[in-house]
Amino acid sequence: MVVATDTDMRTTRQVVRLGVIGAGRIGQVHCLALSRNPKAEVVIVADFFVKAAESCAQKFRIPSAVQDWKDVIRNPAVDGVVICSPSDTHHEIILGAAKAGKHIFCEKPIDYNLKRIDEALATVLQSGVKFQLGFQRRFDANFQRVRQAVQGGEIGEPFMLNIKSFDPAPPPLAYLKQSGGLFFDMMTHDFDMARFVIGSEITEVTATATSFDKEIAAIGDITTAIVSLKFENGAIGVIQCCRKAVYGYDQRLEVLGSEGAVDINNNYPNTATISGADNIKRDLPLNFFMDRYKQAYEDEMVSFVDCIANDTPPVVTGMDGKIPVVLAFAATKSLKENRAVKVNEILFGKTHM
């Protein structure tokens, strides 16, 4: 009697073969998710530091590790690529992968230049490949439930949105120097979540900000910001971002509507509460975004693989990647000029293009 192995089972069904570009922290998160997906197989991994690629290949049993990302898109066995390389490489890799006929998953951003974003998206469209952007929060069960409540009319007409997004500590200064700044690096997730939850485009932003860190201020960045939003459907909102919350990773959201409200709180490592004579307490919330969104990262990879296997549209599009960058430019302009900025000033103006 011959017993089929896991490998045999994988080869007898339709398997989406992927190449991962970038073997750092987020690249390994995606490799882990894909290793658990019977519909997917990572056949090659690339990293500018080839030892990182080799280590990743060994860890996840990937047959090939290379230094040059072009070797990934030239590989005839590759159906699609997962781009996890540094932000300033995304545009070039997207162009190359699209022209090579490879489907594309790309971590944000596509680029921080709107003309280059448009070039990338036009090339994707012309090539006929699928493109999914990495906004993992859209796959989080809590945020999805909020969207369901709003879009399903459970709270009536949405009036007001409030997003709190606080990191436990600032990232290293070396990272911040190439990150694009808080509006581009951190708040883009919140801009996307505002659009996702309310289901309407943002038409105007007003920003105020400061920095509690002299070194971060010295490189021209901020640590703390509040951005007010106006939506096309008449709703208003506010996003509060901060690089430091000593108690952990704080991700809360609330929508008030004409018939009620919906809100979500932080995720915790357990549900235990300790009650005493003087107080009632519980452990701190999860302290790291990789822990908070562990399942969401896995689910977004499932979604990408399925859209290739089933020939369906990606659920997070290239335009979903462009608009938060537009909003980041609008917030930057608002902060600099101390005024409300219409989003169309960025979309149709010459500035930042």
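You'll find the structure just up there.
Read on for a plain summary of the structure. Per-chain numbering applies: the sequence of each chain, read as written, is numbered from 1 onward. Local features in this predicted model are restricted to residues of pLDDT 70 or higher, and side-chain atom pairs are both shown and tallied only at a pLDDT of 80 or more, whereas totals for entire chains, interfaces and linings draw on every residue. Heavy atoms from the whole structure form the basis of all side-chain values; hydrogens and water molecules are not counted.

### Quick notes on the sheet that holds strand β1 (residues 16-21)
Strand pairing in a sheet is mediated by backbone hydrogen bonds. Such pairs are either parallel or antiparallel.
Reasoning step 1: A pair of strands is treated as paired once DSSP finds two or more bridges between them. Strands here are runs of E lasting at least two residues and helices are runs of H or I lasting at least four, both read from the DSSP assignment and numbered beginning at the N terminus. Strand order across the open sheet formed by six strands is β3-β2-β1-β4-β5-β6, with parallel pairing between neighbours. For this open sheet the edge positions go to β3 (65-66) and β6 (131-134), each flanked by a neighbour on one side alone.
Reasoning step 2: Here two bridges tie strand β2 (residues 40-46) to β3, and the two strands are oriented parallel to one another. Paired with Val-45 across the two strands is Ala-65, which belongs to β3.
Reasoning step 3: Of the strands in this sheet, β1, β4 (80-83), β5 (103-107) and β6 touch helix α5 (residues 90-99), which is tilted by about 170 degrees from β5. Contact definition: two residues touch when any of their heavy atoms are within 4.5 Å. Axis angles are defined between N-to-C directions and span 0 to 180 degrees, where every axis is a line fitted to C-alpha atoms and, for a helix, only to the segment in contact.

### A short note on the pairing of strand β9 (residues 224-231)
Reasoning step 1: Of the two faces of β9, the one holding Ala-225, Val-227, Leu-229 and Phe-231 is buried and the one holding Thr-224, Ile-226, Ser-228 and Lys-230 is not buried anywhere.
Reasoning step 2: In the sheet, strand β8 (residues 202-210) pairs with β9 via eight bridges, with the strands oriented antiparallel. The partner of Thr-210 across the bridge, within β9, is Thr-224. To sort residues, take the accessible area from a 1.4 Å probe on protein chains only and compare it with the maximum for the residue type: under 20% means buried, over 50% means exposed, and anything in between is partly exposed.

### Considerations on the nonpolar core
Reasoning step 1: To define a nonpolar core, start from buried Ala, Val, Leu, Ile, Met, Phe, Trp, Tyr and Cys residues and group those joined through side-chain atoms within 4.5 Å. With 102 residues, the main nonpolar core has Ile-104, Phe-183, Leu-253 and Val-255 as its most contacted residues.
Reasoning step 2: Here the element with the most residues in this core is helix α14 (residues 318-337); it accounts for eight residues.
Reasoning step 3: Setting aside residues no more than four positions away along its own chain, Val-255 makes contact with Val-146, Val-150, Ile-155, Pro-158, Met-160, Leu-161, Val-197, Ile-198, Gly-260, Ala-261 and Val-262.

### Some thoughts on the environment of Val-66
Reasoning step 1: Tracing the backbone through its elements, the reader meets Val-66 in strand β3.
Reasoning step 2: In sequence terms Val-66 and Ala-53 are 13 residues apart; their C-alpha atoms lie 6.5 Å from each other.
Reasoning step 3: Aside from chain neighbours lying at most four places away, what touches Val-66 is Ile-44, Val-45, Ala-46, Asp-47, Val-50, Ala-53, Asp-71 and Val-72.

### Details of the packing of aromatic side chains
Reasoning step 1: Here a Phe, Tyr or Trp ring, Trp counted by its six-membered ring, pairs with any other such ring whose centre lies within 6.5 Å, and the pair is stacked when the planes are under 30 degrees apart, edge-to-face when over 60, and tilted otherwise. Going through the model one piece at a time under the given rule, you end up with five aromatic pairs.
Reasoning step 2: An angle of 80 degrees between the planes, with centres 4.9 Å apart, marks the rings of Phe-184 and Phe-329 as edge-to-face. With Phe-184 in helix α9 (residues 182-185) and Phe-329 in helix α14, the pair connects residues that are 145 residues apart, well separated along the chain. With respect to class, Phe-184 is no different from Phe-329; both count as buried.

### A few points about the pattern of salt bridges
Reasoning step 1: By salt bridge we mean one thing: a side-chain nitrogen of Lys or Arg within 4 Å of a carboxyl oxygen of Asp or Glu. One pass over the structure, following the stated rule, counts 23 salt bridges.
Reasoning step 2: Arg-137 is the partner of Asp-190 in a salt bridge, and the nearest nitrogen-oxygen pair spans 2.9 Å. With Asp-190 in helix α10 (residues 187-198) and Arg-137 in the loop between β6 and α7 (141-151), the pair connects residues that are 53 residues apart, well separated along the chain. Across the pair, Arg-137 and Asp-190 agree in class, each one buried.
Reasoning step 3: Its salt-bridge partner being Arg-138, residue Asp-192 comes within 2.7 Å of it at the nearest N-O pair. Separated by 54 residues along the polypeptide, Asp-192 in helix α10 and Arg-138 in the loop between β6 and α7 bring together distant segments of the chain. Arg-138 shares its class with Asp-192; the two are buried.
Reasoning step 4: One network of salt bridges, with partners in common, ties together Arg-138, Asp-192, Arg-195, Glu-201 and Asp-320.

### Structural notes on α14
Spacing of three or four residues puts side chains on the same side of an α-helix, whose turn is 3.6 residues.
Reasoning step 1: Any helix carries an expected span of 1.5 Å times its number of residues minus one. Helix length check: α14 (20 residues) gives 29 Å between terminal C-alpha atoms against 28 Å at 1.5 Å per residue, within 8%.
Reasoning step 2: Counting buried residues along α14, 15 of its 20 residues qualify, which places the element largely inside the surrounding structure.
Reasoning step 3: Nitrogen and oxygen atoms within 3.5 Å of one another constitute a polar contact, given that in protein one can donate a hydrogen and the other can accept it, and given that sequence-neighbouring residues count only through two side-chain atoms. The N-cap residue of α14 is Thr-317: its side-chain oxygen and the backbone nitrogen of Met-319 are 3.4 Å apart.

### So, the sheet that holds strand β12 (residues 260-264)
Reasoning step 1: Sheet architecture is open: seven strands sit in the order β12-β11-β7-β10-β9-β8-β15, paired in mixed fashion. Unpaired on one side and paired on the other, β12 and β15 (341-342) mark the two borders of the sheet.
Reasoning step 2: Where β9 lies against strand β10 (residues 236-242), seven bridges are found, and the strand directions are antiparallel. Each bridged residue has a counterpart across the sheet, and for Ala-225 the counterpart in β10 is Cys-241.
Reasoning step 3: Together, β7 (158-166), β11 (250-257) and β12 form the strand contacts of α7, whose direction differs from that of β12 by roughly 170 degrees.
Reasoning step 4: Together, β8, β9 and β15 form the strand contacts of α14, whose direction differs from that of β8 by roughly 50 degrees.

### A few points about α5
Reasoning step 1: Burial analysis of α5 places eight of its ten residues in the buried class, which makes it a mostly covered element.
Reasoning step 2: Along α5, the residues classified as buried are His-90, His-91, Ile-93, Ile-94, Leu-95, Gly-96, Ala-97 and Ala-98.
Reasoning step 3: Summarising the contacts, the buried residues of α5 are in contact with β1, α4 (69-74), β4, β5, α6 (114-127) and β6.
Reasoning step 4: Among the residues trailing α5, Gly-101 stands out with phi positive, at a value near 80 degrees.

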